[in-house]
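# Overview (structure and organization)
Each chain, written out:
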Amino acid sequence: MAVRIRFARHGLRNRPMFHIVAMNARNKRDGKPLETLGAFNPHPNMNERAKHITLDFARTKYWLGVGAQPTDGVRFLLERAGLLPPRPLYPNVRRSAAAAAAATQGN
């Protein structure tokens, strides 16, 4: 069973609120999850000017450890939270051997 960590949309029309869930990759977006890992509100609180994210770090680490694949949006949040290493900025750029050697020497 392929497990994905992804968003499940809740809330009102034009005011979404997302739960971060671990669920079977073949299930519908808002289907029954295996486990709810947290919540994400993309609308900033006008008093604090901040978007609220709640996340259970221990359970998220567990699901990542057993092979659950995060979607792109969830991956971005997990990178910001420090649970995943950041992706390289330019993954498809190939460097010459001289440039790679200079980078490792610190020039």
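Residues numbered from 1 in each chain as written. Predicted model: local features only at pLDDT ≥ 70, side-chain atom pairs only at ≥ 80, totals over all residues. Heavy atoms only, no water.

### Observations concerning the overall build of the protein chain
- Each helix and strand counted, the protein chain has three helices and five strands in total.
- Tracing the protein chain from N to C terminus, the helices and strands come up as β-β-β-β-α-β-α-α.
- For the protein chain, the C-alpha radius of gyration of 18 Å lies well beyond 13 Å, the compact-globule estimate for 107 residues.
- Seen through its principal axes, the protein chain has C-alpha atoms that stretch 55 × 40 × 25 Å.
- Across the 107 residues of the protein chain, 26% fall into the buried class.
- In the protein chain, 29% of the contacts between residues at least 6 apart in sequence involve partners at least 24 apart.
- For the protein chain, the exposed surface amounts to about 7900 Å²; the carbon and sulfur share of it is 53%. (Helix = DSSP H or I, 4+ residues; strand = E, 2+ residues; numbered from the N terminus. Rg over C-alpha atoms; globule rule 2.2 N^0.38 Å. Buried < 20%, exposed > 50% of the residue type's maximum accessible area, 1.4 Å probe, protein only. Contact = heavy atoms within 4.5 Å. Areas by Shrake-Rupley, 256 points an atom, 1.4 Å probe, with all protein chains shown as cover.)

### What to know about the pairing of strand β3 (residues 35–45)
- As paired elements, strand β2 (residues 15–24) and β3 share five bridges and run antiparallel to each other. Residue pairing for β3: Ile 20 is matched across the bridge by Gly 38.
- Across five bridges, the pairing between β3 and strand β4 (residues 50–55) is antiparallel. Each residue of the ladder has a partner; that of Gly 38, found in β4, is Leu 55.
- If you look at the hairpin formed by β3 and β4, you'll find four residues sitting between the two strands, and Arg 49 has a positive phi there, around 55°. (Pairing = 2+ DSSP bridges.)

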